[in-house]
Amino acid sequence: MSLQFPDSWRFISSPDSVIPNAAIDEFEKLIGIIVAKGDRWKLLEYFKECFAHVVGSTSDWSTSESWASTDLRSYLEDAAKNSPLFLEAFYEACENLRDKYAIPDIERINSICLEHKIAYQIHPPKLVKLSEGEEAIPVAESPSTFTESAKQLITKSLSRSEQLLIENRAREAVQELLWILESITTAFRGEQLPSGTIIKGTYFNLIVKELHNANEGTAIKYILKSLESLHGYHSSPTGGGGRHGLDIKEGKPITLSESRLFCNLIRSYISFFLTEYEILINNDVSDNL
């Protein structure tokens, strides 16, 4: 399956269009996982040819499996000078292997793009570009005590929200982030705060209320009050209408620009909770949550 995007993108030559080395490393690791399940040398040659093809070059068979891996890196770096061409090569190479090998899902590819500030996302059959000034703000890393499945859940949800914005599905993008925000706050359940309070709530509203009450006279209290207002707005049918339905007579659906703002606000709160939870479990400071 070929990706669809403007032909003019094939000739972009600017620093903003370059795939950074750290991202190339990530894609190279994914290729390594794929080729490990088959004839490694043959598959490395296959990927070489795919990346050579998109930049109008050809690939000769390497003299050894080791050289095939080294040569592939050169082809990756050459294609990385143009993000659309690189993503086209990687996507199409994987799709052609779908029937025989396990390949990374679209969410994984897009999450790498988001993490490394690559301004493109794959939305089959299209490759789309994030608008300037609309990049998502970064989110803090998940605490080390979170399970791998929990970390992947957060990563996929963040990526999913970005894709929904690209698809102009404003309400759903906000809903996705509210869902993961509400999920993350449950990590505090059963934890003892520096104040001595043990969080007993089982869901978002109760947990945030307990955190709020345990931090009287602190900045955290006002941070949480603002969050409660934001959450309440999206719970109201005459507000954002994202959690309990939109009032058919008086409700007004949020716009795409409003959704981007709300998503970035929620991403900020997600970072806040992830960071504060990490501090809490490590007992590094006593004046935080």
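Points about the nonpolar core
Of all hydrophobic cores here, the largest spans 42 residues; its most connected members are F47, F51 and F86. For this core, the elements supplying multiple residues, two or more each, are α1 (21-35), α2 (40-54), α3 (65-79), α4 (83-95), α5 (106-115) and β1 (120-123). At eight residues, the largest contribution of residues to this core is made by α4. With near-sequence residues (within four places) excluded, F47 lies in contact with I31, I34, V35, L72, A93 and L97. Of all hydrophobic cores here, the second largest spans 36 residues; its members include F188, I220, L230 and Y277.

Section: empty space enclosed by the protein
Rolled over the atoms, a probe sized like a water molecule indicates the empty space that remains. On inspection of all chains with the given rule, the structure shows one cavity of 30 Å³ or more. In this structure, the largest cavity encloses a volume near 30 Å³. Around the largest cavity, the lining residues are R171, V174, Q175, H234, G240, G242 and I254. For the lining of the largest cavity, the leading source of residues is helix α7 (residues 170-185), giving three residues. Considering only residue class, the lining of the largest cavity consists of two nonpolar, four polar and one charged.

Section: the environment of A52
Its place among the elements puts A52 in helix α2. By relative accessible area, which is 0% here, A52 ends up buried. Residues A52 and S268 lie 216 residues apart in sequence; the distance between their C-alpha atoms is 40 Å. Not counting residues up to four positions away in its chain, the partners in contact with A52 are S57, T58, S59 and Y75.

Structural notes on the packing of α1 against α3
Look at α1 against α3: their axes get within 11 Å of each other, and the N-to-C directions meet at 135°. Classed by the angle they form, the pair α1 and α3 counts as oblique. Classified by chirality, the crossing of α3 by α1 is right-handed. Only S69, L72, R73, L76 and E77 of α3 make contact with α1, whose side of the interface consists of N21, I24, D25, E28 and I31. The residue makeup of the contact of α1 with α3, split by class, is four nonpolar, two polar and four charged.

Thoughts on the layout of surface pockets
Estimates place the volume of the largest pocket at around 1100 Å³. Forming the walls of the largest pocket are 38 residues, and the residues nearest its centre are S111, L114, E115, T155 and L158. Residue assignment for the lining of the largest pocket shows that the elements contributing at least two residues are α5, α6 (148-166) and α10 (256-282). Looking at which element gives the most residues to the lining of the largest pocket, the answer is α6, with nine residues. Classifying every residue of the lining of the largest pocket gives 15 nonpolar, seven polar and 16 charged.

What about the side chain of H212?
Structurally, H212 can be placed in helix α8 (residues 204-213). Accessibility expressed as a relative area gives 11% for H212, which makes it buried. If near-sequence neighbours (up to four positions away) are discounted, H212 is found in contact with K221, L224, K225 and E228.

A short note on the side chain of S17
The topology assignment puts S17 in the segment before α1. S17 gets classed as buried once you look at its relative accessible area, which sits at 2%. Other than its neighbours up to four places away in sequence, S17 contacts I12, A80, K81, N82, S83 and P84.

Details of the pairing of strand β2 (residues 126-129)
For β1 and β2, the ladder comprises four bridges, and the chain directions are antiparallel. Across the sheet, the residue bridging to Y120 is K129, located in β2. Once β1 ends, the chain turns through two residues before running back antiparallel as β2.

Regarding the packing of α7 against α10
When two helices pack together, you describe them by how their axes are tilted relative to each other and by the distance separating the axes. Two numbers describe how α7 lies on α10: the axes approach to 9 Å, and their chain directions differ by 10°. Comparing their axes, α10 and α7 come out roughly parallel. On α10, the residues that touch A170, A173, V174, L177, L178, I180, L181, I184 and T185 of α7 are L256, S259, F262, C263, I266, R267, Y269, I270, F273 and L274.

Concerning α6
For α6, which comprises 19 residues, the first-to-last C-alpha distance of 27 Å matches the rise-based estimate of 27 Å (1.5 Å per residue) to within 8%. Buried residues of α6: I154, S157, L158, S159, S161, E162, Q163, L164 and L165, and no others. Close packing links the buried residues of α6 with α5, β1, α7 and α10. N168 sits one or two positions beyond α6 and adopts a positive phi of about 65°.

What counts, and where the lines are drawn
- Residues numbered from 1 in each chain as written.
- Predicted model: local features only at pLDDT ≥ 70, side-chain atom pairs only at ≥ 80, totals over all residues.
- Heavy atoms only, no water.
- Core = buried A, V, L, I, M, F, W, Y, C linked by side-chain atoms within 4.5 Å.
- Buried < 20%, exposed > 50% of the residue type's maximum accessible area, 1.4 Å probe, protein only.
- Helix = DSSP H or I, 4+ residues; strand = E, 2+ residues; numbered from the N terminus.
- Contact = heavy atoms within 4.5 Å.
- 1 Å grid on protein atoms, 1.4 Å probe; cavity = no way out; pocket = protein on both sides within 12 Å on 5 of 7 lines; lining within 4 Å.
- Points joined across faces, edges and corners; volume = space filled by probe spheres on them.
- Nonpolar A, V, L, I, M, F, W, Y, C, P; charged D, E, K, R; others polar.
- Axes fitted to C-alpha atoms, helices over the stretch in contact; angles between N-to-C directions.
- Parallel < 35°, antiparallel > 145°, perpendicular 65-115°, else oblique.
- Left-handed = near helix turned anticlockwise from the far one by under 90°.
- Pairing = 2+ DSSP bridges.
- Expected span 1.5 Å × (residues − 1).

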